[in-house]
Amino acid sequence: MTAPRHVFYISDRTGLTAENIGEALLNQFGNLTFKRSTFPFIDTPEKAQLVVDKVNQCAADSGQRPIAFVSVVNTDIRKIISSANALHINFFDTFLGTLEEELNTEAVQATQGHHSIGNTQRYDARMEAVNFSLNHDDGVSDKNLKEADVILMGVSRSGKTPTCLYLALQYGIRAANYPLIPDDLESSDLPRMVKPYKDKLFGLTIQPERLQAIRQERRPNSTYARIDTCRSEVADAQAMFKRHGIPFTNTTDKSVEELAVYIMQACHLKRRF
């Protein structure tokens, strides 16, 4: 087996931008394995040199130069990092020159990073949405439910909670969710709590076999995790969605990122910040 290739994500902020873009690129090489390390807040020459030493040591130990995805604004710090024995993919060096040429002006270094708290309005919108989603998780409360941008419905463990939180954190969307319990599935009507907000409902479904595997980890060998229970609940949930004209999607092969984007488009939601 080929040894995994070492990958370094190096950033002067949180490292999320470097990770997101880097992962999108590495995912195109599914036949290879990678060992990842992230170094955030590399914002001084001293920190940069320490990272260079780690990269060089890794190259010496593995016999292969690592791959370095770099998202650092400061030119001097980028220059230090570029001395490391690695394949450098530097997002600022790659894109800034092209943008400067197109915009006919030089870039001015921002005082705050993309994921910083500098824009308090955007940050507050995200935190308010996260709190809303936490307060309306699994149908715990219908207080202020009318303020929801979207209400996700689905059987237990179909992906409602992580999707709601992702929508809140990434897009500032006030997302609530409601778990369909056996009593709901046996009824021909919509659940009482969410019925007044039918136009905000969106359904999540899942393959029964995948649902069983998830439930088996949570409650091993229980009725809750039996395949016939999973099949019955999924079928009843989908029948409810179709009966009431509720749009829905299958979460089995979708990441939370894909689900969030799909829901944003299907429900015509707009980023709040």
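This text goes with the structure placed above it.
Residues numbered from 1 in each chain as written. Predicted model: local features only at pLDDT ≥ 70, side-chain atom pairs only at ≥ 80, totals over all residues. Heavy atoms only, no water.

Chemist: Is there a simple way to explain the overall build of the chain in this structure?
Modeler: Broken down by element type, the chain carries 10 helices and eight strands. A globule of 273 residues ought to have a C-alpha radius of gyration of about 19 Å, yet the chain, at 23 Å, is considerably larger. With the C-alpha coordinates aligned to their principal axes, the bounding extent of the chain is approximately 65 × 50 × 30 Å. When the 273 residues of the chain are sorted by exposure, 38% land in the buried category. Sequence separation of at least 24 residues holds for 70% of the intrachain contacts in the chain that already meet a minimum separation of 6. Charge-centre separation for the chain: the mean point of 32 positive side chains lies 4 Å from the mean point of 33 negative side chains. (Helix = DSSP H or I, 4+ residues; strand = E, 2+ residues; numbered from the N terminus. Rg over C-alpha atoms; globule rule 2.2 N^0.38 Å. Buried < 20%, exposed > 50% of the residue type's maximum accessible area, 1.4 Å probe, protein only. Contact = heavy atoms within 4.5 Å. Lys, Arg positive; Asp, Glu negative; His and termini not counted. Charge placed at Lys NZ, Arg CZ, Asp CG, Glu CD.)

Chemist: I tried to follow the pattern of salt bridges on my own but got confused; where do I start?
Modeler: For side chains bearing opposite charge, pairing can occur when the charged atoms are close. Overall, the coordinates contain 10 salt bridges when judged by the stated rule. The partner of arginine 272 in a salt bridge is aspartate 149, with the nearest N and O atoms 2.9 Å apart. On the criterion of sequence distance, the pair formed by arginine 272 in the segment after α10 (256-266) and aspartate 149 in the loop between α5 (120-135) and β5 (150-154) is long-range, its members being 123 residues apart. Judged by relative accessible area, arginine 272 falls into the partly exposed class, the value being 34%. Among the ionic pairs, arginine 226 bridges to aspartate 228, the shortest N-O distance being 2.5 Å. According to the relative accessible area criterion, aspartate 228 is partly exposed, its value standing at 38%. One salt-bridge network, in which partners are shared between bridges, spans Glu128, Asp149, Arg174 and Arg272. (Salt bridge = Lys/Arg side-chain N within 4 Å of Asp/Glu carboxyl O.)

Chemist: How do you make sense of the sheet that holds strand β1 (residues 5-11) when you look at a structure like this?
Modeler: Strand pairing in a sheet is mediated by backbone hydrogen bonds. Such pairs are either parallel or antiparallel. If you trace the four strands from one edge of the open sheet to the other, you get β2-β1-β3-β4, paired in parallel fashion. At either margin of the open sheet sits one strand with a lone partner, and together these are β2 (34-39) and β4 (87-90). Going from strand to strand, the sheet's axes swing by 20° on average, the running direction of each strand aside. Looking at chain direction, β1 and strand β3 (residues 67-71) are connected through five bridges and run parallel. Looking at the pairing, phenylalanine 8 lines up with alanine 68 of β3. Against the sheet, helix α1 (residues 16-26) makes contact with β1, β2 and β3, and its axis sits at roughly 150° relative to β1, the strand it touches most. Most of the contacts of helix α2 (residues 45-62) go to β1, to which it runs at about 175°, and overall it touches β1 and β2. (Pairing = 2+ DSSP bridges. Axes fitted to C-alpha atoms, helices over the stretch in contact; angles between N-to-C directions.)

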